[in-house]
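Inside the fold
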2 protein chains.
Amino acid sequence: MKKIIFSILLMVPMCLFAQKPASTNVPASQYPMVDEQGCAYFQIAAPDAKEVLVDICSKKYPMTRDEKGVWTVKTDPLVVGPHYYALNVDGVRVNDPASEAVYGCGYFASNIEIPEDDATAAYYTFDRNVAHGQVRECQYWSALEGRMRRCYVYTPAEYEKGGRKYPVLYLQHGMAENETGWHTQGKMANILDNAIASGKAKPMIVVMDNGNCDYGFGSKPGESMNDFGASFEKVLLQDIIPFVESTFRVRTDRNSRAIAGLSWGGKQSFDIGLHHIDKFAYIGAFSGAIFLMPGQKAEDLYDGAFKDAARFNKDVHALFMGMGSVENFGADRMTKMLKDYGINATYFESPGTAHEWLTWRRCLNQFVQMIF
Amino acid sequence: MKKIIFSILLMVPMCLFAQKPASTNVPASQYPMVDEQGCAYFQIAAPDAKEVLVDICSKKYPMTRDEKGVWTVKTDPLVVGPHYYALNVDGVRVNDPASEAVYGCGYFASNIEIPEDDATAAYYTFDRNVAHGQVRECQYWSALEGRMRRCYVYTPAEYEKGGRKYPVLYLQHGMAENETGWHTQGKMANILDNAIASGKAKPMIVVMDNGNCDYGFGSKPGESMNDFGASFEKVLLQDIIPFVESTFRVRTDRNSRAIAGLSWGGKQSFDIGLHHIDKFAYIGAFSGAIFLMPGQKAEDLYDGAFKDAARFNKDVHALFMGMGSVENFGADRMTKMLKDYGINATYFESPGTAHEWLTWRRCLNQFVQMIF
């Protein structure tokens, strides 16, 4: 009897405290849950379905049905950070109604955050003791496209006081994501607030617009890889930058402009930044889709942008490439080649992460400390 | 032969132009489509599903499967404006991956906008020829709740220039919606931009926060109807208003404060506004959940707030109640009773709409022209 009571006492805390609702759940929703090992627990009622599974982090987990038709599953330990995922009900990919939906994967996808320990997560966590900036949703007219566009603009806490002008980082999302990604999945406002408050980053404005690659490549018949998102360059130069510079108190010299992006947005940032060094003095690619073709040399890349290394190093004050240690996106090879050629390039590797938002949060946190 | 060619010529334009992708579709998505009669056309691939249907505007439409497993359906003509909807795959309510997801119904629900004619829709449509305000996402610390909260704050276009102070409208969402509703489903920024630009409304700041009723009533076991969302009153008075008044350039006298909301947010606005006439001079309820109980008299309501009608009319410069003509939410009966009692109450009826966002867009457009 004593042994049974002791066992129950041991079990209760494990059951009560080991699992908790994910921070990405909708209000009043218990599931999905996460535990300290990073396992996720999903649940959905589907009495009439034949087969239900969870598709997360490139792996499918078949769910198990109980006698009432409620399906559940526990995953393997997942990498910390946010992950897009889907349920699959009788062959149809669907959202989990219990989780927040964020724009990614070319549609509004379910999102779950696997928590890190508080200390590691501190740089992207809301801190009540620091001053907070704002993320402003702006609608503006694009003369080039003949339609309304939308961007988000982070202004630092001190922007509200006084008349100072600020430098601007143009920050891009990846393929099949959009202008909402950085301040929902990316937690960029917390990252900037914390980096600025600690003095590690200068107060700056961050502009997040739609990179014209917010659908999956291949969705538009006949569109080539070279065309995908390429129209963003003109929109940025002719519509977005003039809108920002006429709306906000910003500095307008090239030393006060940076451009960076993740994945396809990293490719765009390199394409645009390296072709317009007269306009951008800081360029970053986070898991950028910037692969070397066989035989390519540093001097051939980007129409010879690197050819005169000394001149490049004088003009470009930061050339940053980052990626996760468990993805294979070529930033290390590209950096080595450029460094061997004499270019001051910075390589950052995010330990234990793949092609995902935790990599990009970490990259942003590094990059904002190098600019302006 | 001539007859056949003539028939084809007649048919082609009907097929080509009658249907178009909904404005609420995700990028590169053809379906759902809408036609000029307000019918919606849905499509989803689900080869292994047994039964798929669309659930929209309180009606279920069974979808038809073709030989490839693609399911389609055309609805009856729907009321213009935005509608939450869901697909149902083998008994499971799921989102349509082809539509935007917005927070409503206590989770991220699929949304489809049934278009009005351009002239009728003009007041909530982006107009390239007017100046545009911003919607600012702010995170702040709630001492009362011991957690970070989020609000959206609309600032009028002219706020960026000069040092003027502005009056503030506190604007609330309904049950199972949240602080994002008014600027996504409600198109409040366009409504304010247009009303201000035309001189019909004064430049003002609009604060949209979470009313602590962002889940469905009944989701929290043991919670009474009286408790549902009631904690918002203290949060508004002790955390939100002080945050807004210390962060933005706003006027802080009662004649510069209004409160309004839709559905449950209308109830909250009446509860809070009528109990704090010292703080709010304008009060509105759009399809407000403010029902008269049998035998209730004007002088008994809200702890006697209406008792001295002359005094009330002197203090409260606008008491507004609106609703759709095809819902039954009691705003007409409440207004009549108050008017009979001598209260200057305004009743607005939205023609042809029910308990839905088009009613609330119209109510907001009326209300902002009556305040400040």
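Residues numbered from 1 in each chain as written. Chains lettered and ligands numbered in written order. Predicted model: local features only at pLDDT ≥ 70, side-chain atom pairs only at ≥ 80, totals over all residues. Heavy atoms only, no water.

1. Observations regarding the overall build of chain A
Helix and strand counts for chain A come out as nine helices and 19 strands. For 372 residues, the compact-globule formula gives about 21 Å, and the C-alpha radius of gyration of chain A, at 23 Å, lands near that figure. Its C-alpha atoms give chain A principal-axis dimensions of about 80 × 50 × 45 Å. Among the 372 residues that make up chain A, the fraction classed as buried is 57%. At a minimum sequence separation of 6, the contacts of chain A that also span at least 24 residues come to 69%. Only carbon and sulfur atoms are counted for the fraction: they give 54% of the accessible area of chain A, which is about 15,700 Å². Taking the average place of the 38 positive charges on the side chains of chain A and the average place of its 43 negative ones, the gap between the two points comes to 4 Å. (Helix = DSSP H or I, 4+ residues; strand = E, 2+ residues; numbered from the N terminus. Rg over C-alpha atoms; globule rule 2.2 N^0.38 Å. Buried < 20%, exposed > 50% of the residue type's maximum accessible area, 1.4 Å probe, protein only. Contact = heavy atoms within 4.5 Å. Areas by Shrake-Rupley, 256 points an atom, 1.4 Å probe, with all protein chains shown as cover. Lys, Arg positive; Asp, Glu negative; His and termini not counted. Charge placed at Lys NZ, Arg CZ, Asp CG, Glu CD.)

2. Side note on empty space enclosed by the protein
Where empty space is left in the structure can be found by rolling a water-sized probe over the atoms. Summed over all chains, the structure comprises three cavities of 30 Å³ or more. Looking at the largest cavity, its volume works out to about 50 Å³. Along its surface, the largest cavity is lined by Arg93, Val94, Asn95, Tyr107 and Phe108 of chain A together with Asn95, Asp96, Pro97, Ser99, Ala101 and Ser110 of chain B. In terms of residue class, the lining of the largest cavity is made up of five nonpolar, four polar and two charged. (1 Å grid on protein atoms, 1.4 Å probe; cavity = no way out; pocket = protein on both sides within 12 Å on 5 of 7 lines; lining within 4 Å. Points joined across faces, edges and corners; volume = space filled by probe spheres on them. Nonpolar A, V, L, I, M, F, W, Y, C, P; charged D, E, K, R; others polar.)

3. Considering the packing of aromatic side chains
For any pair of aromatic rings, the description consists of the separation of the ring centres together with the inter-plane angle of the planes. As enumerated under the stated definition, the model contains 44 aromatic pairs over all chains in all. Taken together, a centroid distance of 5.3 Å and an interplanar angle of 75° make the contact between Tyr103 of chain A and Phe108 of chain A edge-to-face. Taken individually, Tyr103 of chain A and Phe108 of chain A each receive the classification buried, so the pair is uniform in this respect. Between the aromatic rings of Phe320 of chain A and Phe348 of chain A, the centroid separation amounts to 6.4 Å while the plane-to-plane angle is 25°, which identifies the pairing as stacked. Residue Phe320 of chain A is located in strand E18 (residues 318–324), and its partner Phe348 of chain A is located in strand E19 (residues 345–350); the two are separated by 28 residues in the primary sequence. Summarising the burial analysis for this pair, Phe320 of chain A and Phe348 of chain A share the class buried. An aromatic cluster is present here, built from Trp182, Phe286, Phe320, Phe348, Trp357, Trp360 and Phe367 of chain A joined pairwise through their rings. Cation over ring: Arg249 of chain B sits above Tyr159 of chain B, and NZ or CZ is 4.1 Å from the ring centre. (Phe/Tyr/Trp six-rings, centres within 6.5 Å; stacked < 30°, edge-to-face > 60°. Lys NZ or Arg CZ within 6 Å of the ring centre and 35° of its normal.)

4. Examining the environment of Ala98 of chain A
All names here are of chain A. With respect to the helices, strands and loops of the structure, Ala98 is situated in the loop between strand E9 (92–94) and strand E10 (101–104). Residue class for Ala98 comes out buried when judged on its relative accessible area of 12%. For the pair formed by Ala98 and Ala122, sequence separation is 24 residues and the distance between their alpha carbons is 26 Å. Aside from chain neighbours lying at most four places away, what touches Ala98 is Asn25, Val26, Ser29, Tyr31 and Pro32.

5. Considerations on helix H8 (residues 331–341) of chain A
Helical periodicity: at 3.6 residues per turn, an α-helix aligns residues three or four positions apart in one direction. All names here are of chain A. Listing the buried residues of H8 in full gives Ala331, Met334, Thr335, Met337 and Leu338. Across the axial projection of H8, the buried residues extend over an arc of 165°, all falling on one side. Of the exposed residues in H8, the ones pointing more than 90 degrees away from its buried face are Lys336 and Asp340. (Arc of directions from axis to C-beta.)

6. Observations regarding the sheet that holds strand E3 (residues 40–45) of chain A
If you walk across this open sheet you meet the five strands as E1-E2-E3-E7-E6 (chain A), and the pairing is antiparallel. Of all the strands in the sheet, just strand E1 (19–21) and strand E6 (64–65) of chain A have a single pairing partner and so form its edges. (Pairing = 2+ DSSP bridges.)

7. What about the interface of chain A and chain B?
At the interface, 47 residues of chain A touch 47 residues of chain B. In total, chain A and chain B occlude about 3,800 Å² of area from one another, counting both sides; carbon and sulfur atoms represent 59% of this. Joining chain A to chain B, the criterion identifies two salt bridges. Between Arg136 of chain A and Glu160 of chain B there is a salt bridge whose closest N-O contact spans 2.9 Å. Across the chain A-chain B interface, the total number found is twelve residue pairs in polar contact (both at pLDDT 80 or more). Contributing elements (two or more residues each) for the side of chain A that touches chain B: E3, E9, E10, strand E11 (107–114), strand E12 (134–142), helix H4 (188–197) and helix H5 (232–247) of chain A. Looking at the side of chain A that touches chain B, the element that brings in the most residues is E12 of chain A, giving eight residues. Partitioned by chemical class, the residues of the side of chain A that touches chain B number 25 nonpolar, twelve polar and ten charged. Bridge analysis of E12 of chain A against strand E12 (residues 134–142) of chain B gives three bridges, and the strand direction is antiparallel. Directly across from Arg136 of chain A, in E12 of chain B, lies its bridge partner Arg136 of chain B. (Buried area = accessible area lost by both parts, 1.4 Å probe. Salt bridge = Lys/Arg side-chain N within 4 Å of Asp/Glu carboxyl O. Polar contact = N/O pair within 3.5 Å; in protein donor to acceptor, adjacent residues only side chain to side chain.)

8. With respect to the sheet that holds strand E6 (residues 64–65) of chain B
Residue and element names in this part refer to chain B. In spatial order, the strands read E1-E2-E3-E7-E6; together these five strands make up an open sheet with antiparallel pairing. Looking at the sheet topology across the chains shown, the edges are occupied by strand E1 (19–21) and E6. Relative to strand E3 (residues 40–45), strand E2 (residues 33–35) is paired through two bridges, and the arrangement is antiparallel. Of the residues in E3, the one forming a bridge with Val34 is Ala40.

9. Looking at the state of the cysteines
Considering all chains together, one arrives at zero disulfides over all chains under this definition. Between Cys39 of chain A, a free cysteine, and Cys57 of chain A, which holds the nearest cysteine sulfur, the sulfur-to-sulfur gap is 12 Å. With no disulfide partner, Cys57 of chain B has as its closest neighbouring cysteine sulfur the one in Cys105 of chain B, 11 Å distant. Exposure remark for Cys57 of chain B: the relative accessible area of 37% places this residue in the partly exposed category. (Disulfide = S-S within 2.5 Å.)

10. Regarding the relation of the copies chain A and chain B
For the pair chain A and chain B, the best superposition has an RMSD of 0.0 Å and corresponds to a rotation of 180° with a translation of 0.0 Å parallel to the axis. When the rotation and shift are considered jointly, the pair of chain copies conforms to a two-fold rotation axis. Proximity to the rotation axis, assessed at the C-alpha, singles out Arg136 of chain A in chain A; its C-alpha lies 2.1 Å from the axis. A shared interface surface links the copies, since 100% of the contact residues of chain A are contact residues in chain B too. (Least-squares fit on C-alpha atoms with pLDDT ≥ 70 in both.)

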